[in-house]
Every structure is written in C-alpha cells, then in structure tokens.
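Coordinates in review
Chain by chain, the residues run as shown.
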Amino acid sequence: MVLYIVGLGLGDERDVTVRGLEAIKSCDKVFLEMYTSILRVDKSRLEAYYGKEVVVADRNMVESEAEQIYEPAREGNVAMLVVGDPVCATTHTDMMIRAKEFGVKVELIHNASAMGAAGCCGLQLYNFGQTVSIPFFDDNWR
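Definitions and limits used
- Residues numbered from 1 in each chain as written.
- Predicted model: local features only at pLDDT ≥ 70, side-chain atom pairs only at ≥ 80, totals over all residues.
- Heavy atoms only, no water.
- Pairing = 2+ DSSP bridges.
- Helix = DSSP H or I, 4+ residues; strand = E, 2+ residues; numbered from the N terminus.
- Axes fitted to C-alpha atoms, helices over the stretch in contact; angles between N-to-C directions.
- Expected span 1.5 Å × (residues − 1).
- Contact = heavy atoms within 4.5 Å.

1. A closer look at the sheet that holds strand 2 (residues 29-33)
Strand order in the open sheet formed by five strands is 3-2-4-1-5, and the pairing between neighbours is parallel. Pairing within the sheet leaves two strands with one partner each, and these edge strands are strand 3 (55-57) and strand 5 (105-109). With strand direction ignored, the average angle separating the axes of adjacent strands in the sheet is 25°. One ladder, built from five bridges, connects strand 2 with strand 4 (residues 78-82); its direction is parallel. From the neighbouring strand, K29 faces strand 4, where its bridge partner is V78.

Encoded structure:
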C-alpha cells in the first residue's frame, strides 16, 4: 500500500518512465494534478495508455482535501500523476509530508521537468536565482 507521486515528463502520455508506468498499472486509484502545469494531451489519452481511470485533482482537492488522495493508500496503491517532476512544486512536497504523517508509505518517481529542460538550452539553473510556481487559472479557481 503506497502513494506513488509520479512525474509524467514534459510531452505526452508516453513520456512516463517504465518505473512510473509499472506503478500506475499497480494502482487502485489514479489522480492527475493539473493546476501547477499544463498537460499537453487530453486525460483520455492517459487513461487509454495506462489502462486506468484518471481522476482530475484540482487545486482545492490537492491543497485542501488532499486526504481524498492519500487516505486510500492505506488500503491499496494510489498514484498522483504530476506533469514534469514531482519535486518542482511545493504542493507535491506538502502532500508527501502530510501522507507520511498520516502513516502512508510514499514513493517518488521522478521525470523530466521544465527546470531540467532549461539545461538543454545551455542555461544554468543556479544563475536564475529563486524559482516560483505559477498555478494556472481555470473556470473554478482564480
């Protein structure tokens, strides 16, 4: 019984790592956090590729009702999918801490992120100073 926090990478449903795909396929519930970054494909493509129903976790669920995500991991495997890499947003770190305090085992599965992708351009991240997350507005949150 594990809460997997799985980085999806930067492209599409096929950018998940082999380890991430195996974790997702082992899960009873799969959530997709979609407010800290933009998913470039429709969630239906994730569902078809992963063979699992994917529940969209909006900002309110992830920040104020996170127990809906990590409590089921006491009884079975649960995945929270994150665009990019899970440790690039404090929201995901907060969920890891809360889940562990609740007695849930947490496993991180890393992937490519915008932070790492900057290196492809020859840029050095330490030259940029502090970084921030900019959540995306939608019809339900501003």
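Having put the structure on the table, let's press on.
2. With respect to helix 5 (residues 90-101)
A rise of 1.5 Å per residue sets the reference length of helix 5, with its twelve residues, at 16 Å; its end C-alpha atoms lie 16 Å apart and thus fit the reference within 8%. Here the buried face of helix 5 lies against strand 1 (2-7), strand 2, helix 3 (59-64), helix 4 (67-70), strand 4 and strand 5. With its phi angle positive at about 90°, G103 sits one or two positions after the end of helix 5.

3. A closer look at the environment of Y49
Residue position: Y49 is located in helix 2 (residues 43-50). It is 7.8 Å that separates the C-alpha atoms of Y49 and R14, two residues lying 35 residues apart in sequence. When residues no more than four places from it in sequence are discounted, the contact partners of Y49 are E13, R14, V16, L21 and K25.

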